[in-house]
Every structure is written in C-alpha cells, then in structure tokens.
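# Structure at a glance
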Amino acid sequence: QVTRTKSDASGSGFGATVNVLSLGRRLSRDGTLLAFESLADDPKANATTNQPFLAVFVYTIAQDRFDLVGKRAIGFPGDVIHFPTFTDYNGSLTPSTLIYASALNFKADGTFPPAAEDSTGLNPSRSTQVFATQLPITTSNTFTRLTKNTTFAAISPFSTQTRERFSFSAGGAELGGGNPDLSTEVFY
C-alpha cells in the first residue's frame, strides 16, 4: 500500500473514493511510475484533507514520492476524469512523457490565467483536450495541448510507445466524423 488516504467526514467529492485508478496503462512499462487521480492534498499523509476536485499524481516507486501534475481545478464545474498514461519510451522502457485529458484552461507553465486574459491559456474554450508534460514531474514542468476539440467531450487517451501516435475515445460529441447520435467513438 503506497497511499494513506481517507474520505473526509462529509463525504464530499467522490464520497468514499479518494483515489481513482482509471482504466488503461497507469503503470509505466519499466514498472517505476504509477499515474492516478486523487482528491487528497497529499496521498501519503493519512489525512482527510481532501479537495472537491480530482488532480493527477505520479508516484515514483523507488523514491516513495508523489508528485502533483500541474494544478487542480479551483472552482465549479471542476475538471473531467483525466485518464493519465505514460508514453515516449526509451530503449529501457522508461517513459519521458505523461499524457492526460483535461478541460482546464492553463498556460504552458501550468498556471491559470486571470479571467481577463483567458485567451492566453492553452484551452480558452474549456473543451476536453489531451495534454502532455515531461517526466519526471517538477514544479517547472511545461504543458502542451495535443488535440484541438471544439466541443466538450469525455476523452480517454491511450498512447503508443510515442505521443506521435495515440488514440482517444470521445462520447457525447460530433467531431466532424458523422456521429449524429453522439455515441462514443474512437479517434486515432
């Protein structure tokens, strides 16, 4: 057991589910990193200091260390399920990039622009997009938007060995491919 999280007494957020290990590859191929989402301020703290919105964390197994990826949503409506996954593997199967979905409008340095400067963010429309950031996670990480969807959609990215080729499923949206019933479709 690496996390020591507890639900808060009020049962806010996701109630009893503080940590979310969504479907897909959440363990790096070399077995050194684990990506997941958590309501906890510190997944290792054995505390009930949880936030109302999920954030992405990368756990480095050898160092027993949790790193918050970017920023957490700070107000309603929050963010989407992120489905974090590793990519850009080297010959030793060590990843150098994490990709994940988000509907937040943050800048390339991971900060949120003031409302008056919304257009300076990577996602001013706040549609769900796929983003990439480098590994290891540090406080000076940069972020890149990989998709340019114009409508809100639930997106689950799945990567290959490199981020140059990845797929994602999107539901509840028409992305120009003839989806009049808004069913879930896969894009490459």
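Structural notes, computed from the coordinates. (Residues numbered from 1 in each chain as written. Predicted model: local features only at pLDDT ≥ 70, side-chain atom pairs only at ≥ 80, totals over all residues. Heavy atoms only, no water.)

### Thoughts on the packing of aromatic side chains
We count it as follows: Only centres within 6.5 Å qualify two rings of Phe, Tyr or Trp (six-membered ring in Trp) as a pair; their planes then separate them into stacked at under 30 degrees, edge-to-face at over 60, and tilted for everything else. Numbered from the N terminus, helices here are DSSP runs of H or I no shorter than four residues, and strands are runs of E no shorter than two. The rule is simple: take the accessible area with a 1.4 Å probe, protein chains only, and divide by the maximum for that residue type; under 20% is buried, over 50% is exposed, in between is partly exposed.
Scanning the model with the defined rule gives six aromatic pairs in all. When the ring of Phe 36 is compared with that of Phe 66, the centres are 5.8 Å apart and the planes differ by 85°; the resulting orientation is edge-to-face. Taken together, the positions of Phe 36 in strand S2 (residues 33–40) and Phe 66 in strand S4 (residues 65–68) put the pair 30 residues apart, joining distant regions of the chain. Ring geometry for Phe 106 versus Phe 131: centroids 4.7 Å apart, planes at 45°, classification tilted. Pair noted here: Phe 106 is in the loop between strand S6 (95–102) and strand S7 (129–134) and Phe 131 is in strand S7, with a separation of 25 residues, a long-range link. The pair formed by Phe 106 and Phe 131 is uniform in burial state, with each residue classed as buried.

### A short note on the sheet that holds S6
Our working definition: One bridge is not enough; two strands pair if DSSP finds at least two bridges between them. The convention used is that axes are lines fitted to C-alpha atoms, helices contributing only their stretch in contact, and that angles between N-to-C directions extend from 0 to 180 degrees.
Strand order in the open sheet made by the four strands is S5-S6-S7-S8, with antiparallel pairing throughout. The sheet is open, and its two edges are formed by strand S5 (85–89) and strand S8 (143–145), each paired on a single side. Pairs of neighbouring strands in the sheet enclose a mean axial angle of 30°, with direction left out of account. Inspection of the sheet shows S5 paired to S6 by four bridges, in the antiparallel sense. Counterpart to Phe 86 in the pairing with S6 is Leu 98.

### Quick word on the side chain of His 82
Short version of the rule: As used in this structure description, the phrase polar contact means that two N or O atoms lie within 3.5 Å; if the pair is within protein, one of them must be able to donate a hydrogen and the other to accept it, and residues adjacent in sequence are counted only when both atoms belong to side chains. Note on definitions: a residue-residue contact is assigned when non-hydrogen atoms from the two residues lie within 4.5 Å.
Within the secondary structure, His 82 sits in the loop between S4 and S5. For His 82, a relative accessible area of 3% translates into the label buried. At a separation of 2.6 Å, a polar atom in the side chain of His 82 contacts the side chain of Glu 37. With sequence-adjacent residues up to four places away left out, His 82 is seen in contact with Glu 37, Leu 54, Ala 55, Val 56, Tyr 100, Ala 101, Ser 102 and Pro 157.

### What to know about the pattern of salt bridges
Stated precisely, the cut-off is as follows: Salt-bridge detection follows one rule: a side-chain nitrogen of Lys or Arg within 4 Å of a carboxyl oxygen of Asp or Glu.
One pass over the structure, following the stated rule, counts four salt bridges. With a shortest N-O distance of 2.8 Å, Asp 67 and Arg 65 are connected by a salt bridge. Across the pair Arg 126 and Asp 118 runs a salt bridge, and its minimum N-O distance is 2.8 Å. We classify Arg 126 as partly exposed; its relative accessible area is 41%.

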